[in-house]
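Commentary on secondary and tertiary structure
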Amino acid sequence: MDWVIDMAKPEDFFTVGADIADTKANTELPIEQVWADRQFHAALVNPSNRRKLTVIIVGTGLAGGAAAASLGEAGYNVLNFCYQDSPRRAHSIAAQGGINAAKNYRNDNDSVHRLFYDTVKGGDYRARETNVHRLAEVSANIIDQCVAQGVPFAREYGGLLDNRSFGGVQVQRTFYARGQTGQQLLIGAYQALERQVDAGTVQMFTRHEMLELIVVDGKARGIVTRDMVTGEIEAFTGDAVVLATGGYGNVFFLSTNAMGCNNTAAWRAHRKGAYFGNPCYTQIHPTCIPVHGETQSKLTLMSESLRNDGRIWVPKNPEDATKDPRDIPEEDRDYYLERIYPAFGNLVPRDIASRQAKYRCDEGLGVGPAVTEIDLDGNEKQVRRGVYLDFAEAISRLGKDGVAARYGNLFDMYAQITGEDPYETPMRIYPAVHYTMGGLWVDYDLSSNIPGLYVTGEANFSDHGANRLGASALMQGLADGYFVLPNTINDYLSKGPYPALTPESPEVKEAVDSVKARIEQLLAIDGERTVDSIHKELGTIMWEYCGMERTEAGLITAIGKIRELREEFYKNVKVTGENEDFNQTLERAGRLADFLELGELMCIDALHRRESCGGHFRAESQTEDGEALRDDEHFLYVGAWEYHEGKPILHKEPLIYKAIELKQRSYK
């Protein structure tokens, strides 16, 4: 198909604005003193004045739930929103493997500085130094907080908390509760949150989806929501807004995210002026159950913790792909991660493990049943997308009961989904979209460039660079919610309370009317295609051209295809039902409309960044042995995008490294 933009260049899709900087952190100080200095110099709010201030928090996962509980405990009036029927159903509950903290319980030379270093290196030197160091500093406090809440972390025989390793590190710093760590941590945060609901400091609004940000005099002052049961459109106002709404992996349709995960809240803020940081940084997780058919709507993750004891391999000979793996002798197996990366072995970072699995399968060494793949031109091919994750050695060493004690619920989950017993036969895994390192741009205080709008957890861009190390998502969410935001938002709230708003305030009325108009537009299209069919097509475009490997030509092609698909959506989508009712089709259509815009920005960001770093792998920029090749001379910055109806505007935040030396990342 011929595209109008066939001869386009990357620079044709965006304009460059002014550079930006984070001014909240005193980078003249040694990095170990920056957080303490910021805490001391941030203004405080008198306890009696906190009762006069209202904070709106969107999201009830680890970042949002912890923030709501903490700010409620501090005495603020908190309005907490989620689209689920209970805060306990936030996607944080799905995290399996663990949470990092620099406590050095294993006496293996871990430290705050080593966690800081591992995180910056794991992100391929594309994270802001000061934010990452603060994360490492407060990590130990998180564990103490959660233990006090009763989180049942695994313990050693003597009663001390146990640890295991995750990818990208050579120490054991990951605290865990079997394969249910996210669930247990979320229950802890939920208990703290419900305590404040009972105390009256937090009002909970379930089944409410944020569809617009209210901005008054340049400040974030509220949100517009849709009651997902009745369809009522309502405005809520306060003195500050916090978005803790997770990531945007579902732009790919198939991902490990819950089906409801979306980017609408963040995208509505972006359209109101909030910068979007590094949208192309997407994490592909190497340990997912492979796609098994064309009708699949969700992927299931197997925890990275399995790589502690499981060994990853493929047959050396393509003809062995259909054999029972137990019949393939050791000499005919390629434990490729152990061979290529002897220092880290199976625990290399996720981006590296994912690419290596893809390379093996592209070479025809994939295992498992053949599945039909249909390319964007409608052509079919039979492929095997899987590598083995083998526990035979671990069972021999630890016994079946020992392996079950560590991973039993994960093994049960795998058996229920695949019908295969992983104690007897190696698991089959393949990379899948999992986490998004990009998100709304924030400064050191977690404030967006819109005063009064704060962004926490996966919804912001700040702590992981171009690749997130395993077990760091839970760490960031709880760090932001329990320890960072409660110390930094005071600085802004100390200038309040801000002038009261009413439903008749012009900015409030405009925001409500814009939501109603968008809903009416979607319901009026009355086309022939389902929302999911268009979403699935978008996902195919994104995976093919902006997934594990990107090229300039492919990204330009993707932008053209997304623009055509967006036109198709607004001409031919079928949204059944009405607004004044429970209407999941309408919900999905609104989220897809925003994904169609976000997908284009992701491709533009990936197109402009002519380098490889972490999860952003440009085929044109790689080392001789196929590793990501950065270009620090030209791309050592955060790409912060401003929404513009024509072309998005790129603002660059230069990344300055003082505590860590820039060098080529190596795990060999």
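Only a predicted model underlies this, so the values are computations on that prediction, with no experimental measurement involved.

**Quick notes on the packing of helix α14 (residues 552-572) against helix α15 (residues 584-608)**
For the pair α14 and α15, the least separation of the axes is 9 Å and the interaxial angle reads 160°. Taken as axis vectors, α14 and α15 run roughly antiparallel relative to one another. Between α14 and α15 lies a crossing whose hand is left-handed. Only Ala 589, Leu 592, Ala 593, Leu 596, Glu 597, Gly 599, Glu 600, Cys 603, Ile 604, Ala 606 and Leu 607 of α15 make contact with α14, whose side of the interface consists of Glu 552, Leu 555, Ile 556, Ala 558, Ile 559, Ile 562, Arg 563, Leu 565, Arg 566, Phe 569 and Tyr 570. Its residues assigned to classes, the contact of α14 with α15 shows 16 nonpolar, 1 polar and 5 charged.

**Some thoughts on empty space enclosed by the protein**
Which parts of space are left empty comes out when a probe the size of a water molecule is rolled across the atoms. Applying the stated rule across the entire model yields 3 cavities of 30 Å³ or more. The space that makes up the largest cavity amounts to roughly 60 Å³. Together, Thr 282, Gln 283, Ile 284, Asp 351, Ser 354, Arg 355, Met 548 and Gly 615 line the largest cavity. Secondary structure elements with two or more residues in the lining of the largest cavity: β12 (282-288) and α9 (350-362). Taken together, the residues of the lining of the largest cavity sort by class into 2 nonpolar, 4 polar and 2 charged.

**So, the sheet that holds strand β2 (residues 54-58)**
Read across the sheet, 5 strands follow the order β6-β3-β2-β10-β20 without closing on themselves; strand pairing throughout is parallel. The open sheet has two edge strands with one neighbour each: β6 (202-205) and β20 (453-455). If you compare each strand with its neighbour and ignore which way they point, the axes differ by 20° on average. Looking at chain direction, β2 and strand β3 (residues 77-81) are connected through 5 bridges and run parallel. In the strand pairing of β3, Val 58 is matched with Phe 81. Each of β2, β3 and β6 touches helix α3 (residues 62-74); the most contacted strand, β2, lies at about 165° to it.

**Some thoughts on the environment of Ala 66**
Structurally, the position occupied by Ala 66 is in helix α3. For Ala 66, a relative accessible area of 0% translates into the label buried. On a C-alpha basis, the gap between Ala 66 and Leu 493 in space is 18 Å, while along the polypeptide they are 427 residues apart. Other than its neighbours up to four places away in sequence, Ala 66 contacts Gly 61, Ala 189, Leu 478, Gly 481 and Tyr 482.

**Things to note about the domain arrangement of the chain**
Domain parsing of the chain yields domain 1 (5-9 + 504-636) and domain 2 (285-433). Computed over C-alpha atoms, the centres of domain 1 and domain 2 are 30 Å apart. Listed per partner, the contact involves 15 residues of domain 1 and 13 residues of domain 2. Taking both sides of the interface into account, the surface hidden between domain 1 and domain 2 amounts to around 1,100 Å²; carbon and sulfur atoms contribute 61%. Summed over the three residues of domain 1 that lose the most area to domain 2, namely Trp 543, Met 548 and Glu 627, the buried surface amounts to 45% of that side.

**Details of the pattern of salt bridges**
With the rule as written, the count across this model stands at 55 salt bridges. As a salt-bridge pair, Arg 106 and Glu 156 come within 3.3 Å of each other at their nearest N and O atoms. Pair noted here: Arg 106 is in the loop between β4 (99-100) and α4 (112-122) and Glu 156 is in the loop between α5 (129-149) and β5 (174-175), with a separation of 50 residues, a long-range link. Assessed through its relative accessible area of 29%, Arg 106 is described here as partly exposed. With a shortest N-O distance of 3.1 Å, Lys 323 and Asp 320 are connected by a salt bridge.

Conventions and cut-offs
The written sequence of each chain sets the order in which its residues are numbered from 1. Residues qualify for local features only when their pLDDT is at least 70, as the model is predicted, and side-chain atom pairs are given and counted only at 80 or more; totals for whole chains, interfaces and linings, by contrast, use all residues. To obtain the side-chain values, all non-hydrogen atoms of the structure were included, while hydrogens and water were left out. For helices, the fitted axis covers only the stretch in contact; all axes are lines through C-alpha atoms, and the angles between them, taken along N-to-C directions, range from 0 to 180 degrees. Strands here are runs of E lasting at least two residues and helices are runs of H or I lasting at least four, both read from the DSSP assignment and numbered beginning at the N terminus. Throughout, the term roughly parallel applies to angles under 35 degrees, roughly antiparallel to angles over 145, roughly perpendicular to angles from 65 to 115, and oblique to all others. Note: crossing handedness is left-handed where the near helix turns anticlockwise from the far helix by less than a right angle, and right-handed where it turns clockwise. Residues count as neighbours in contact if any of their non-hydrogen atoms are within 4.5 Å of one another. All amino acids are sorted into three groups, where Ala, Val, Leu, Ile, Met, Phe, Trp, Tyr, Cys and Pro are nonpolar, Asp, Glu, Lys and Arg are charged, and the leftover types, Gly among them, are polar. Here a cavity denotes grid points, spaced 1 Å and computed from the protein atoms alone, that fit a 1.4 Å probe unable to get out, and a pocket denotes an open set having protein on both sides within 12 Å along at least 5 of 7 lines; residues with an atom within 4 Å of a point are the lining. Grid points are joined across faces, edges and corners, and a volume is the space filled by probe spheres set on the points. Following DSSP output, two strands are said to pair if at least two bridges run between them. Partly exposed residues are those whose accessible area sits between 20% and 50% of the maximum for their type, while under 20% is buried and over 50% is exposed, using a 1.4 Å probe and protein chains only. For each domain, the first and last residues come from an automatic or database assignment. Put simply, buried area is the surface a 1.4 Å probe can reach on two separate parts but cannot reach once they are joined, added for both. By definition here, a salt bridge exists when the distance from a side-chain nitrogen of Lys or Arg to a carboxyl oxygen of Asp or Glu is within 4 Å.

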